[in-house]
Amino acid sequence: MAGTTHEAAPARSSRALRPDRAGQSPYTGTRTPRVEDPRLLTGTGTYVDDVVRPGMLHACFVRSPLARARITGVDVSEALVLPGVHAVFVAADLNPGVHEQWYSLNGRDDPDTPRPPLAEGEVRFVGDPVAMVVAVDRYIAEDAAELVVVDYEPLVPVVDYTTALQSPESVHATHPDNLVGRLGGRPMDELAPVFENAAHVVSTTVHQQSHGPVPMETRGIVAEWAAPAGEMTIWAATQSPHEVRSFGARLLGVDEHRVRVTARDTGGGFGQKVLPQREDMCVMLAALKLPVALKWTEDRQEHLLAAGQARHEHGEARMAFDDDGRILAATLDHVQDAGAYPTPSPVQSGIAVGMLFPGPYRIPEGTFQSRFVFSNTSGRVAYRGPWQFESMAREVLLDTAARRLGMDPVELRRRNMLRREDLPTANCLGMPYDHITPYETFEQALEMLDYPAFRREQERARAQGRHLGVGTCTYVEPTAGATPFHGTEGATIRIEPSGKVNVHVAGGSCGNSLETTVVQLTADALGVAIEDVSTIQGDTAVTPFGGGTGGSRSGPMTAGAIAETAAGLRTRILAIAAHRLDVAVGEVEFVRSRASVRGRPERALTLAEIAGIAYFQVHALPPGVPAGLEASGRYRTPHPMIWANATHLCTCEVDVVTGGVKLLRYIVSEDCGPMINPSVVEGQILGGTVQGIGGALYEHLAYDDEGNPLATTFMDYLLPTATEVPTIELGHVETPGPGPGGHKGVGEGGAIGSAPAVVNAVADALAPFGVEITRLPLTPASIVGLLEEARTGLRGAVTV
């Protein structure tokens, strides 16, 4: 989104940390034009809603109007007689068809949330699917859905997750206390002596509101069952086609090779589209009962009702300091809303919130506890840096602590931030850090702003009755983690007899330009002309198994898979060329699809000629070289994770009468290692940053006390636009990571660092009024309320 509406300032690099690029390959690291742009910019992309199959039917869901109720009856008779209606399915029709439902990320034995395709016995949030109408088109299906009569016996909903653990009501009978699960580090009592003896103790509780990924393309799926062959073909808006295939095969009880999933263009995912949800299950199950394909495309109201929420959590963060402002210990008591049907279980992914809470700071001792709680709201889903709350809690606390200690927030961070001489190290919870540059990105961002000059401007503005603020957030981000599912990636490269190159990866186009970066990486790894390379992605029938896009893994893992695969092919190319040219392999140069003899460029072979030998003159191949020029390879990362890091810096002006916030400058200094394509990297940072700004100031999936959603259209769910977001200035610090090419992931970082930086900027602007920010979003009304509380003395001060 931001990558198309905002221009980045010229990127700056820290040359002292930049590796020698002499002899680097010609494509990686360059702003190669995106290969997907011609079709996307001309409107010829293919999304799920563009898929048309012969006789295809369309689905529409009947959704609960109540947050919690017992289903006492469902009458579908009127809907069935409407012309054009093919079927109406209820829980009794689809739910018994489920064989297994678990996600590869979790594993078969991981305890998970009950997840019925259609609500059975009880609805658990407004928007819960109760029935599915199938008709000849979406319009008739929607009309028929209005004719389905569902009898409900209202029950008391558990709307507020913060009180759910004490509620006498249960979202799921299997979890009577509404606790999904808990996890944590050492007992907090063990750190009590440190806090008791510290010169200063600062604590604050931050509440982050519910908001969601809101991709441009909503969810969608087409499923077609071929009964004679026993095969299912699925077109899906997904970030992980192979996971959809694996999940679908388990769900339907068919062999995995009998399920084919194709993901063509996907209009954004941001984590929400990694895993199939309940509506996807319904379409797959119903397709078994239909003679033709079935399509479901979610409308925006459905999306805001039922596609899932994120970020809804709070935590009490505490830090102990000595007299010099150095951190002695830190704790986080964290509670997260799981909604009714989280995807997947939040307990497994939630550990990152606590483990990353120390961030890029020297903190000798620390611990955390996290609890995950059911509520009668839509289920929690992954959203770009699902652990982002660790940065929100830590960075807001550090600014609060600086004010309480009478220090500048920048100086407090400088005294505690990890520097190069501290590495490698591990944080106090055991997370190993290396190949990171938090201090360097911090200082680069401050330099880009001219921090001292801004503070002088701020003083002058306050004297004039204007209120400017500056806020930062520095974080470390785990990318390309070696979980069992995400720790490997494959590639298949086939050089055609014409000399053209096709590279197959799991991939899929969901806005992260993986098509472009794969082409660049392959051209460099083989030494071929980039215009001769194309890529095939997102089709499980022809691509190697892979985890897809998620966890900021695509760049490093795909680079590894291509390097593993291309190395052997390049060796074969050189061997064939040397044999035909009658020279030693070491005398052959292969550049831009042309092999020549060193010092004798007139003696040369094109890649097409080499491929012709490999396929059509196999008798002329050198001994030991197999026929053909195609290979498959698989990369397995040996690293628990590859760390990226960045600093976000925001300046703003707050109107203390209206509560309006105007962002003045926004700066990001990041280190994602050598960039495969700077334009792609910067687009990822820009898009994530705008999402974080939206989370700080605008977006809110709000509910009333009865569990009714209050934001089901873009009239109520506010998103930032080009009008609200300033030009985002980017700086780069380059430290190679330990993986292939030194590349690090960059997909999630923008959304992690941006919201805390904006919050701290607003808090800094309002500091003269004694305002402490503890709840988001920072709407004009909430800011006016905070100022009024501060004036009347209703808000308690943070203790020191």
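Residues numbered from 1 in each chain as written. Predicted model: local features only at pLDDT ≥ 70, side-chain atom pairs only at ≥ 80, totals over all residues. Heavy atoms only, no water.

**Details of the overall build of the chain**
- Of regular secondary structure, the chain possesses 21 helices and 29 strands.
- The C-alpha radius of gyration computed for the chain amounts to 28 Å, which stays within 12% of the reference 28 Å derived for 800 residues, consistent with globular compactness.
- When the backbone C-alpha atoms are referred to their principal axes, the chain occupies close to 90 × 75 × 50 Å.
- The buried share among the 800 residues of the chain stands at 61%.
- Within the chain, residue pairs in contact and separated by at least 24 positions form 81% of the contacts whose partners lie at least 6 positions apart.
- By element, 53% of the accessible surface of the chain is carried by carbon and sulfur atoms, the whole surface being about 29,100 Å².
- Where the 67 positive side-chain charges of the chain centre and where its 95 negative ones centre are 6 Å apart. (Helix = DSSP H or I, 4+ residues; strand = E, 2+ residues; numbered from the N terminus. Rg over C-alpha atoms; globule rule 2.2 N^0.38 Å. Buried < 20%, exposed > 50% of the residue type's maximum accessible area, 1.4 Å probe, protein only. Contact = heavy atoms within 4.5 Å. Areas by Shrake-Rupley, 256 points an atom, 1.4 Å probe, with all protein chains shown as cover. Lys, Arg positive; Asp, Glu negative; His and termini not counted. Charge placed at Lys NZ, Arg CZ, Asp CG, Glu CD.)

**Comments concerning helix α15 (residues 451-463)**
- In a regular helix each residue adds 1.5 Å, so 13 residues correspond to 18 Å; α15 covers 19 Å between its end C-alpha atoms and thus fits that length.
- Of all the residues in α15, the buried ones are Tyr 451, Phe 454, Arg 455, Gln 458 and Ala 461. The arc that holds the buried residues of α15, viewed along the axis, is 120 degrees, so those residues lie on one side. Residues of α15 that are exposed and angled more than 90 degrees away from the buried face: Glu 459 and Ala 463.
- The first or second residue beyond α15 is Gly 465, which carries a positive phi of 85 degrees. (Expected span 1.5 Å × (residues − 1). Arc of directions from axis to C-beta.)

**A look at the sheet that holds strand β5 (residues 122-123)**
- Within the open sheet, the three strands sit side by side as β5-β3-β7. Their pairing is antiparallel. Looking along the sheet, the strands with just one partner apiece sit at the ends: β5 and β7 (149-154).
- The pairing of strand β3 (residues 69-75) with β5 spans two bridges and is antiparallel. Across the sheet, the residue bridging to Arg 70 is Glu 122, located in β5. (Pairing = 2+ DSSP bridges.)

**Quick look at the pairing of strand β19 (residues 467-479)**
- Summarising burial for β19: 13 of the 13 residues are buried, a large majority.
- Burial along β19 is two-sided: the residues His 467, Gly 469, Gly 471, Cys 473, Tyr 475, Glu 477 and Thr 479 and Leu 468, Val 470, Thr 472, Thr 474, Val 476 and Pro 478 are all buried.
- One ladder, built from 13 bridges, connects β19 with strand β27 (residues 642-654); its direction is antiparallel. Across the sheet, residue Thr 472 finds its bridge partner in β27, namely Leu 649.

**Here we look at the environment of Ala 306**
- If you trace the backbone, Ala 306 turns up in helix α10 (residues 300-306).
- Taking the C-alpha atoms as reference points, Ala 306 and Val 126, 180 residues apart in sequence, are found 7.9 Å from one another.
- The residues contacting Ala 306, other than those within four sequence positions of it, are Arg 63, Phe 125, Gly 127, Arg 219, Gln 277, Glu 279 and Ser 378.

**Focus on the sheet that holds strand β23 (residues 588-591)**
- On the basis of which strands lie adjacent, the open sheet formed by three strands has the order β23-β24-β25 and antiparallel pairing. Two strands close off the open sheet at either side, each with one partner strand: β23 and β25 (600-606). Here the strands of the sheet are splayed against their neighbours by 30 degrees on average, with no regard to which way each runs.
- Two elements, β23 and strand β24 (residues 594-597), share four bridges in a ladder whose sense is antiparallel. The partner of Val 591 across the bridge, within β24, is Arg 594. (Axes fitted to C-alpha atoms, helices over the stretch in contact; angles between N-to-C directions.)

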